[in-house]
Amino acid sequence: MSVTHPVHTLAVIALAGAVVFCAGAAAASEDPDWPCVQRLMPELSPATVWGGPPINDARRAWRETPAVRGLVLRIADRRTALEDGEKAVAAFARTLGGEKDAMLTLVFAGLFTTIDQERSRLLSGIKRYARGQRRLASRIRQLTADLGAAPADGTPQSAARRRQLRERQVWDTRIFEERERSLQALCEQPVLLEQRLFILARAIMAQMDE
């Protein structure tokens, strides 16, 4: 009894984690692959953060202006502090003449497009992570069932089989728990991108004349 108790405890923890994992997905979204407590928004809309001119054409044209493209790639980069991004937008606006609003619209169009694409990649990665966790939880449950069904007749063969199952169960449970601890940080990444988009959109509009 003293040998198997820690293993069963780990199995219970793993299964409980799997239940929380699935419940979180159901609560946050109808998408079964979405594991985060944050509600899933599959797509962003410019209108939620932008009160300037329409950007339909600008979303195709922003790369054609080197200064705009360089600014967008700098401020969209998560390694750039938001304060530095706001300063870069203001500095760029000071270089503009009569077409300032049109140029700043290009900047927002590029920013939105770049962040939206990165966010989509993040969402896809999180969903793959969730599917991997579900598969791992299923494997742990199967290992627990196999361990419970394995004969304990004292023969070397059965002892070796039980030891092998127990080691795999402990190892998979450890991996599952470590990945669960990383999940919260993963789920925060799309939110941080949305915040960056909102703050920098406000900074761009603050520099416009109309």
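Since we're looking at a predicted model, the values are computed, not measured.

> Looking at this structure, I do not really get the overall build of the chain. What am I missing?
Looking only at helices and strands, one finds six helices and zero strands in the chain. Listing every helix and strand of the chain by position from the N terminus yields α-α-α-α-α-α. Looking at the chain as a whole, 42% of its 210 residues qualify as buried. Taking as baseline every contact in the chain between residues at least 6 positions apart, the subset at least 24 positions apart corresponds to 80%. Split by element, the accessible area of the chain, about 11900 Å² in all, is 55% carbon and sulfur.

> Sorry, what's going on with the side chain of Asp101 here?
When you line up the elements, Asp101 lands in helix H5 (residues 100-149). Buried and without a salt bridge, Asp101 has Lys100 as its closest oppositely charged side chain, separated by 5.6 Å. Here the side chain of Asp101 touches Asp209 through a polar contact of 2.9 Å, landing on its backbone nitrogen.

> Can you walk me through the packing of aromatic side chains in this structure?
Remark: the centre distance and the inter-plane angle together describe each pair of aromatic rings, the angle taken between the planes. Going through the model one piece at a time under the given rule, you end up with two aromatic pairs. When the centroid spacing of 4.1 Å and the interplanar angle of 5 degrees are considered together, the rings of Trp50 and Phe108 count as stacked. In this pair, Trp50 is assigned in the loop between helix H1 (5-28) and helix H2 (58-61) and Phe108 in helix H5, connecting sequence segments 58 residues apart. On the accessibility criterion, Trp50 (9% relative accessible area) is buried. Looking at Phe108, the relative accessible area reads 0%, which means it is buried. Ring geometry for Phe108 against Phe112: centres 6.0 Å apart, planes inclined by 40 degrees, an arrangement best described as tilted. In this pair, Phe108 and Phe112 are both assigned in helix H5, four residues apart and thus about one turn of the helix distant.

> Explain the pattern of salt bridges here, please?
Counted by the stated rule, this structure contains 10 salt bridges. The partner of Asp31 in a salt bridge is Lys127, and the shortest N-O contact between them spans 2.8 Å. Taken together, the positions of Asp31 in the loop between H1 and H2 and Lys127 in helix H5 put the pair 96 residues apart, joining distant regions of the chain.

About the thresholds
Residues numbered from 1 in each chain as written. Predicted model: local features only at pLDDT ≥ 70, side-chain atom pairs only at ≥ 80, totals over all residues. Heavy atoms only, no water. Helix = DSSP H or I, 4+ residues; strand = E, 2+ residues; numbered from the N terminus. Buried < 20%, exposed > 50% of the residue type's maximum accessible area, 1.4 Å probe, protein only. Contact = heavy atoms within 4.5 Å. Areas by Shrake-Rupley, 256 points an atom, 1.4 Å probe, with all protein chains shown as cover. Lys, Arg positive; Asp, Glu negative; His and termini not counted. Salt bridge = Lys/Arg side-chain N within 4 Å of Asp/Glu carboxyl O. Polar contact = N/O pair within 3.5 Å; in protein donor to acceptor, adjacent residues only side chain to side chain. Phe/Tyr/Trp six-rings, centres within 6.5 Å; stacked < 30°, edge-to-face > 60°.

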